[in-house]
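Given next are the chains, with one letter for each unit.
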Amino acid sequence: MLFLIELWESVRSFIATGGNVLYVVAFALLLMWVLMVERYWFLASVYPKMRDDIVNRWNAREDTTSWYAHRIRDTWISEATELLEQRLLTIKTLVAMCPLIGLLGTVTGMIGVFEVMAQQGTGNPRLMASGISMATIPTMAGMVAALSGVFFSSRLDAKVKLAKAKLVDSLPHH
Amino acid sequence: MKKVINFVLLAASMSAGISATASANSLDDLLKQVKNDRISEAKLDKKREAEFLSARADKQALLAKAKKELANQNARNARLTKEYAANEITLAQKEVELDNATGTLGEMFGVSRAAAANAYGTISTSIVSAEYPGRGEALNRIANSKKIPSLPDLEELWFALQTEMTQSGKISQFTTDITNLDGSKSTETVTRIGTFNLISKDGFLNFNDELGQVQPLAKQPAGYISGTASDFFSTTSGYAPLYVDPSRGAILALETRKKTLSEFYHEGKEVGYAITVLLILGCLIALERMIVLGAMGAKIRSQEKNLEQPNENNPLGRLLKVYHDNKAVDAETLELKLDEAILRETPKVDRGINLIKMFAAIAPLMGLLGTVIGMIMTFQTITLFGTGDPKIMAGNISLALVTTALGLICALPLILIHSIVAGRSKSLLQKLDEQSAGLIAAIAEKESK
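Remember, predicted model here, so these are calculated numbers, not experimental data.

**Topic: a nonpolar patch on the surface**
Next, step 1: On the surface, Met1, Phe3, Leu4, Leu7, Trp8 and Val11 of chain A cluster together into a nonpolar patch covering about 700 Å² of accessible area.
Next, step 2: Note on placement: valine 11 of chain A falls in helix α1 (residues 2-18).

**Some remarks on the UniProt feature "coiled-coil region" (unreviewed entry) in chain B**
Next, step 1: Under the UniProt annotation, the feature "coiled-coil region" (unreviewed entry) is placed at residues 56-83 of chain B.
Next, step 2: As annotated, residues 56-83 of chain B has a helix share of 100% and a strand share of 0%, and its two end C-alpha atoms lie 41 Å apart.

**Things to note about the UniProt feature "transmembrane region" (unreviewed entry) in chain B**
All names here are of chain B.
Next, step 1: Per the UniProt record, "transmembrane region" (unreviewed entry) is annotated on residues 271-292, 358-379 and 399-421.
Next, step 2: Within the segment residues 358-379, helix and strand shares are 100% and 0% respectively, and the terminal C-alpha atoms sit 32 Å apart.
Next, step 3: The annotated region residues 399-421 carries 100% helix and 0% strand content, and the separation between its end C-alpha atoms amounts to 33 Å.

**Brief notes about the packing of aromatic side chains**
All names here are of chain A.
Next, step 1: What the rule picks out here adds up to 5 aromatic pairs over all chains.
Next, step 2: Considering the side-chain rings of tryptophan 33 and phenylalanine 152, the 5.1 Å spacing of their centres and the 65° angle between planes classify their relative orientation as edge-to-face. Separated by 119 residues along the polypeptide, tryptophan 33 in helix α2 (residues 21-60) and phenylalanine 152 in helix α5 (residues 125-169) bring together distant segments of the chain.
Next, step 3: The class of phenylalanine 152 is partly exposed, set by a relative accessible area of 33%.
Next, step 4: The structure contains a cluster of three or more aromatic residues connected by ring pairs, namely Trp33, Phe151 and Phe152.
Next, step 5: When the ring centre of phenylalanine 42 is taken as origin, the NZ or CZ atom of arginine 39, which lies over that ring, is 4.6 Å away.
Next, step 6: The aromatic ring of tryptophan 76 is capped on one face by arginine 57, whose charged end is 4.3 Å from the ring centroid.

What counts and what doesn't
Residues numbered from 1 in each chain as written. Chains lettered and ligands numbered in written order. Predicted model: local features only at pLDDT ≥ 70, side-chain atom pairs only at ≥ 80, totals over all residues. Heavy atoms only, no water. Patch = residues over 30% accessible without salt bridge, like charges linked within 9 Å, V, L, I, M, F, W, Y side chains within 5 Å. Areas by Shrake-Rupley, 256 points an atom, 1.4 Å probe, with all protein chains shown as cover. Salt bridge = Lys/Arg side-chain N within 4 Å of Asp/Glu carboxyl O. Helix = DSSP H or I, 4+ residues; strand = E, 2+ residues; numbered from the N terminus. UniProt positions renumbered as here; feature names shortened; annotations may be inferred. Phe/Tyr/Trp six-rings, centres within 6.5 Å; stacked < 30°, edge-to-face > 60°. Buried < 20%, exposed > 50% of the residue type's maximum accessible area, 1.4 Å probe, protein only. Lys NZ or Arg CZ within 6 Å of the ring centre and 35° of its normal.

What follows is the structure, encoded as structure tokens:
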């Protein structure tokens with residue numbers, strides 16, 4: 001329990017030195033990971049049942065070569081693809097947004113630095129240092145958040161493509 | 001000429017005759033006169049001599065008197081000199097006695113003066129003086145007086161220090177005159193937190209020790225800080241959290257010089273307003289798309305459950321209608337007709353979505369424009385005033401950065417909204433493009449059996 005309190009305190013001091021933009025980074029990171037975990041869970045447990053169901057239905061069909069059969073096959077593939085690709089765009093957007101949020105932090109931090117300069121002059125570097133830490137920490141946090149998402153989101157992308165290709169392959173024209 | 005010479009000779013002979021007769025009588029007279037004169041002169045001399053002699057005696061007496069006086073004065077001088085010397089010794093003795101007598105007390109008075117001077121600095125600037133005014137004057141008097149302070153003065157010092165000490169630990173509420181920013185005065189109830197802060201229902205107050213006035217701050221600090229002050233003021237029981245300024249006003253004074261968010265926003269000027277317009281437009285378009293696509297999706301889902309009766313109010317229904325109208329034609333023609341219908345439906349679904357994307361791309365560019373404008377202004381300032389004053393330069397640089405920040409703040413939500421709206425429209429288009437033919441094929445198959 002004490003460990004958790006210490007952890008929370010360190011997070012709080014990190015946010016205090018980094019400024020409020022870190023909350024936005026944290027929100028984007030959380031949203032990104034929630035969506036990604038949901039996708040992995042979907043691929044691992046929901047999708048295989050769905051795929052087996054589609055393959056069984058296709059194999060049960062008598063006619064698999066006519067125009068109608070092709071259209072129906074396309075529809076099933078499309079429906080499966082839609083479910084597979086759901087939210088992937090949002091995840092990618094969030095990954096791309098993280099460095100931008102970091103940049104926003106840089107700019108707001110620099111505004112702070114120049115505000116201190118406008119009020120107190122350049123005489124006291126300590127006063128400016130707080131603005132500089134507010135400029136650099138969100139940038140770093142945004143980079144880290146984006147990097148943490150880049151690998152897993154591209155893995156997810158590849159997995160979805162593979163799953164789609166496999167589905168198409170497993171629906172042969174008899 | 002002969003006549004003149006005759007006259008002169010005559011005159012000369014006449015005058016010689018007269019003088020010869022006179023001189024015969026006067027010699028005796030002269031003798032007699034001399035004799036008489038000699039007697040009278042001797043008398044006169046004698047008289048004068050007597051006079052001189054008597055005067056000499058007088059002067060002698062005067063001299064004797066003056067000499068006596070001198071002797072008297074000399075004697076007095078000697079006596080007084082002796083007396084003076086004796087007095088000097090006595091004085092020195094008495095001074096030593098006085099020093100001995102005051103001894104430690106003198107030190108105490110020095111300490112009390114120093115204490116009064118110290119306390120004057122603290123007490124006159126303390127906000128407790130807003131509640132108990134006039135304590136500084138007595139302290140000032142003690143600190144600056146050349147005389148030994150009197151007992152009432154010492155008591156005053158003690159009382160002032162004790163009041164400050166006691167009141168610094170208290171939270172008290174009192175009524176006082178507040179000098180508002182426009183100069184008008186009003187009587188209000190204020191709460192004093194120890195020696196740290198004065199608060200009223202409107203937030204933090206400031207105690208101006210030079211004028212002895214309670215004034216509202218020129219600008220309250222950020223809402224979450226000043227909010228606790230007014231909350232605390234209105235709390236009647238229990239505990240309430242409150243931001244306290246431990247520097248006794250210095251931090252609050254700095255806070256008043258900090259810019260608020262809205263002031264920062266207005267620093268962006270025209271570029272900033274343009275970016276805001278972009279954000280609002282983007283959000284409105286996105287909202288319209290969400291509503292339209294949401295309604296369209298709901299209608300398509302209800303149509304999917306009822307494929308037999310095409311409803312013209314949704315794209316899928318219109319596609320089904322194409323099939324129902326062309327049941328007789330062969331598959332190839334039907335596909336062509338369906339493609340045609342889908343092409344007609346597509347723009348209705350993805351209309352405006354690229355606009356949001358474009359806005360999201362334009363916003364940071366406009367921020368960049370603001371940055372460049374700000375930098376141009378900065379360099380203009382440098383041209384005019386030189387680089388001597390960082391404060392002048394920093395003002396414009398902060399303007400440049402504000403527009404960049406605004407551009408990013410505008411772009412971030414637009415990008416997110418675009419991804420959500422684009423995802424929704426993509427799924428609808430997929431439904432129309434790839435799945436409608438399958439649905440129609442399924443109906444056709446069912447009907448042909």
